[in-house]
Amino acid sequence: MEVKEPISHYGSLDLDKEYSYLDYLRFTFSERVELIKRKIMKMSPAPSRKHQGVVGSINYLFKAYFRNKECKYYVAPFDVRLNIPNGKKNHTVVQPDLCVICDVTLLDDAGCNGTPDLIVEILSPSNQKHDLDTKFKLYEEAMVKEYWIVDPNNKVVLVYMLENNKFIGLRPFVEGSIIKSPIFPELKVAVKDVFEDLA
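Here the structure is a predicted model, which is why all the values come from computation and not from measurement.

### A short note on the pattern of salt bridges
Phase 1: One pass over the structure, following the stated rule, counts 5 salt bridges.
Phase 2: Here Lys145 and Asp117 are joined by a salt bridge, their closest N and O atoms 3.2 Å apart. Here Lys145 is found in the loop between α3 (128–141) and β10 (146–151), whereas its partner Asp117 is found in the loop between β8 (111–113) and β9 (118–122), with 28 residues between them in sequence.
Phase 3: Using a relative accessible area of 43% as the deciding quantity, one classes Lys145 as partly exposed.
Phase 4: Notably, a salt bridge pairs Lys137 with Asp133, separated by 3.0 Å at the nearest N-O pair. Here Asp133 and Lys137 lie together in helix α3, a separation of 4 residues that amounts to about one turn.

This is the structure in structure tokens:
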């Protein structure tokens, strides 16, 4: 049996080629990548200060809410192997900035093998199209129940909920408003608290 060596340089990948989850596990280079329907997508460079500030704030708020609850939340890097309907299993691996999983049977040592209930992505200048278009469609197809897109530059949070297999957007949450989660009614997050570390 042929033993394949780990892929250690991003430049050695053919971006037009299709890869499997087993290929993904062999990647050892320092750059973070995602596997979107068997295609490699390079993630943005090291997250910006604003991005990390927002991640830290939401992490703190989620930690307080989800403590002692059955649902678990995780912060990137954390592999989520999405199950796409009518697609081959384990050929899409994403690393959401934050995600919440209520079906703990989906969790294993490698991450989450299935669809999280809630996903949060924080926009960076280099990844906006990926989060607003590619991942929006992907998460909708995977039937993520709730998707937050957080924009640090404009200090706005967009919340989408799945209804009849399509994302429906709530009104934008801006400074002075309270984000109310459609699937976790008791989860209320002040927008000012999301962006408090951006001064």
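### Overview of unusual backbone geometry
Phase 1: In this model, Ala76 is joined to Pro77 through a cis peptide bond whose omega is 0°.
Phase 2: Positionally, Pro77 belongs in the loop between β3 (72–75) and β4 (80–81).
Phase 3: Not every positive phi belongs to a glycine, and Met143 is a case in point at roughly 65°.
Phase 4: Looking at the element boundaries, Met143 is found in the loop between α3 and β10.
Phase 5: One non-glycine residue, Asn165, lies in the positive phi region at around 65°.

### A few points about the side chain of Ser181
Phase 1: Mapped onto the elements of the fold, Ser181 is located in the loop between β14 (178–180) and β15 (188–190).
Phase 2: Judged by its relative accessible area of 4%, Ser181 falls in the buried class.
Phase 3: Side-chain polar atoms of Ser181 contact the side chain of Glu146, separated by 2.8 Å.
Phase 4: In this structure the side chain of Ser181 is engaged in a polar contact, spanning 3.4 Å, whose partner is the backbone nitrogen of Ile183.

### Considering the packing of aromatic side chains
Phase 1: Overall, the coordinates contain 14 aromatic pairs when judged by the stated rule.
Phase 2: Here the aromatic rings of Phe62 and Phe66 are separated by 5.6 Å at their centres, their planes lie at 70°, and the arrangement is edge-to-face. Remark: Phe66 and Phe62 occur in helix α2 (residues 49–66); sequence separation between them is 4 residues, near one turn of the helix.
Phase 3: Ring plane angle 85° and centroid distance 5.0 Å describe the contact between Tyr139 and Tyr147, whose orientation is recorded as edge-to-face.
Phase 4: Owing to a relative accessible area of 0%, Tyr147 belongs among the buried residues under this scheme.
Phase 5: An aromatic cluster is defined as three or more aromatic residues linked by ring pairs; in this entry it consists of Phe62, Tyr65, Phe66, Tyr73, Trp148 and Phe184.
Phase 6: Over the ring of Tyr65 we find Lys69, and its NZ or CZ is 4.3 Å from the ring centre.

### Brief notes about the state of the cysteines
Phase 1: In total, this model carries 1 disulfide according to the counting rule given.
Phase 2: Disulfide pairing is shown between Cys71 and Cys102; the S-S distance is 2.1 Å. Measuring handedness by torsion sign, the sulfur bridge of Cys71 and Cys102 sits at about 100° and is right-handed. Here Cys71 is found in the loop between α2 and β3, whereas its partner Cys102 is found in the loop between β6 (98–101) and β7 (107–108), with 31 residues between them in sequence.
Phase 3: Given a relative accessible area of 26%, Cys102 falls into the partly exposed group.

### Considering the confidence of the model for the protein
Phase 1: When the pLDDT values of the protein are averaged, the result is 85; 85% of them are 70 or greater.
Phase 2: Per-element confidence in the protein is highest for β6, whose mean pLDDT is 98, and lowest for strand β2 (residues 39–42), whose mean pLDDT is 71.
Phase 3: Long-range and interchain partners of residues 1–9, a stretch whose pLDDT sits below 50, account for 14 contacts in this model, where long-range means more than four residues apart.

Conventions adopted
- Residues numbered from 1 in each chain as written.
- Predicted model: local features only at pLDDT ≥ 70, side-chain atom pairs only at ≥ 80, totals over all residues.
- Heavy atoms only, no water.
- Salt bridge = Lys/Arg side-chain N within 4 Å of Asp/Glu carboxyl O.
- Helix = DSSP H or I, 4+ residues; strand = E, 2+ residues; numbered from the N terminus.
- Buried < 20%, exposed > 50% of the residue type's maximum accessible area, 1.4 Å probe, protein only.
- Polar contact = N/O pair within 3.5 Å; in protein donor to acceptor, adjacent residues only side chain to side chain.
- Phe/Tyr/Trp six-rings, centres within 6.5 Å; stacked < 30°, edge-to-face > 60°.
- Lys NZ or Arg CZ within 6 Å of the ring centre and 35° of its normal.
- Disulfide = S-S within 2.5 Å.
- pLDDT = per-residue confidence, 0-100.
- Contact = heavy atoms within 4.5 Å.

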